[in-house]
Amino acid sequence: MTDAQLRHDLLLRGGTLLDPAQGVHGPRDVAFRDGRVSAVAERIEAETAAEVVDVAGRLVTPGLIDLHGHFYHGGTTSAVSADESCLPSGVTTGLDAGSAGIANYGAMRDYVFPAHRVRLIALLHIGAVGLAHGRTVGGELRDLRLIDAEATAAQIRANPGFLFGVKVRMQRDAVAHWDAREALALARQAADDSGSLLMVHVSGTPIPLPEILDVLGAGDVMTHAYNGTPSTCWTGAGRYGPRCWRPGSAA
């Protein structure tokens, strides 16, 4: 078969395809042409592809999604390069979990994210400058004047396809315990007013975890829930803490 007759540029042979969206978990060959999937079958002939890679014994998946990363590279001290951290792990879409707020997300959207191959979307931090100055002032929500729930909701509504919700860190280093409930309520307000989800960091919580759970609803995200610290769901002894589950919920 000549190059002009080849049907595929690349063929992955012998792997186990894991594709929940299609209900597939089993042996499949996957072929590509012009950067897109051109065929999926239990067997695709090697002669039809310009390049063949044997992936026997390995999982083949669609591009994975990182639900919680910090990708405002150069904008905060905790951010990483999305391409360097995601692509080697098969992650092609990354959700930035509140690196920026209403005062500085524009630079992240217009300059930092477009410089990467990974598709990057974001949650908007309830604090106006996100994580930009957390280490210098002892926590990004130590001054609740940094929170403007109405403006946060407005920016989420104005950026469909880029901003998908609100992030708040219920962590002792982020917010004082006497302000924690108000900060959580304002984050809930911003999410509700924008019709979006709320992600809450729960490790090292300044208020009881059940109070935080009562604020969350369908589609919301509790993050850092299984790191074994006292305020999270994983007890550290191989068991899930009962405080994370309500009657009738799935464990």
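Everything numeric here is computed off the predicted structure, so don't read it as measured data.

A. Representation of the pattern of salt bridges within the structure. The tally for this structure, following the rule as stated, stands at 8 salt bridges. Among the salt bridges present, the one from E140 reaches R169, with a minimum N-O distance of 2.7 Å. In this pair, E140 is assigned in the loop between α3 (134-137) and α4 (149-158) and R169 in strand β9 (residues 163-169), connecting sequence segments 29 residues apart. Looking at E140, the relative accessible area reads 2%, which means it is buried.

B. Structural view of the packing of α4 against helix α5 (residues 177-194). Put simply, α4 and α5 touch, their axes get as near as 8 Å, and they point 35° apart. Our pair here, α4 against α5, has a crossing hand that is right-handed. Packed against α4, whose contacting residues are A149, E150, T152, A153, I156 and R157, the element α5 presents L186, Q189, A190, D193 and S194 at the interface. Taken together, the residues of the contact of α4 with α5 break down into 5 nonpolar, 3 polar and 3 charged.

C. View of the side chain of S81. Within the secondary structure, S81 sits in the loop between β6 (64-69) and α1 (82-86). Looking at S81, the relative accessible area reads 10%, which means it is buried. The contacts of S81, once residues within four sequence positions are left out, are H73 and H116.

D. Spatial organisation of the sheet that holds strand β7 (residues 91-97). Strands sit in the order β6-β7-β8-β9-β10-β11 across an open sheet of 6 strands; the sheet is parallel. Since the sheet does not close on itself, it has two edges, and those belong to β6 and β11 (221-223), each with one partner. Neighbouring strand axes in the sheet, compared pairwise and without regard to direction, differ in orientation by 25° on average. Where strand β8 (residues 119-125) and β9 come together, 3 bridges link them in parallel fashion. If you follow L124 over to β9, its bridge partner there is V166.

About the thresholds
- Residues numbered from 1 in each chain as written.
- Predicted model: local features only at pLDDT ≥ 70, side-chain atom pairs only at ≥ 80, totals over all residues.
- Heavy atoms only, no water.
- Salt bridge = Lys/Arg side-chain N within 4 Å of Asp/Glu carboxyl O.
- Helix = DSSP H or I, 4+ residues; strand = E, 2+ residues; numbered from the N terminus.
- Buried < 20%, exposed > 50% of the residue type's maximum accessible area, 1.4 Å probe, protein only.
- Axes fitted to C-alpha atoms, helices over the stretch in contact; angles between N-to-C directions.
- Left-handed = near helix turned anticlockwise from the far one by under 90°.
- Contact = heavy atoms within 4.5 Å.
- Nonpolar A, V, L, I, M, F, W, Y, C, P; charged D, E, K, R; others polar.
- Pairing = 2+ DSSP bridges.

These values are about where atoms sit, not about what they do.
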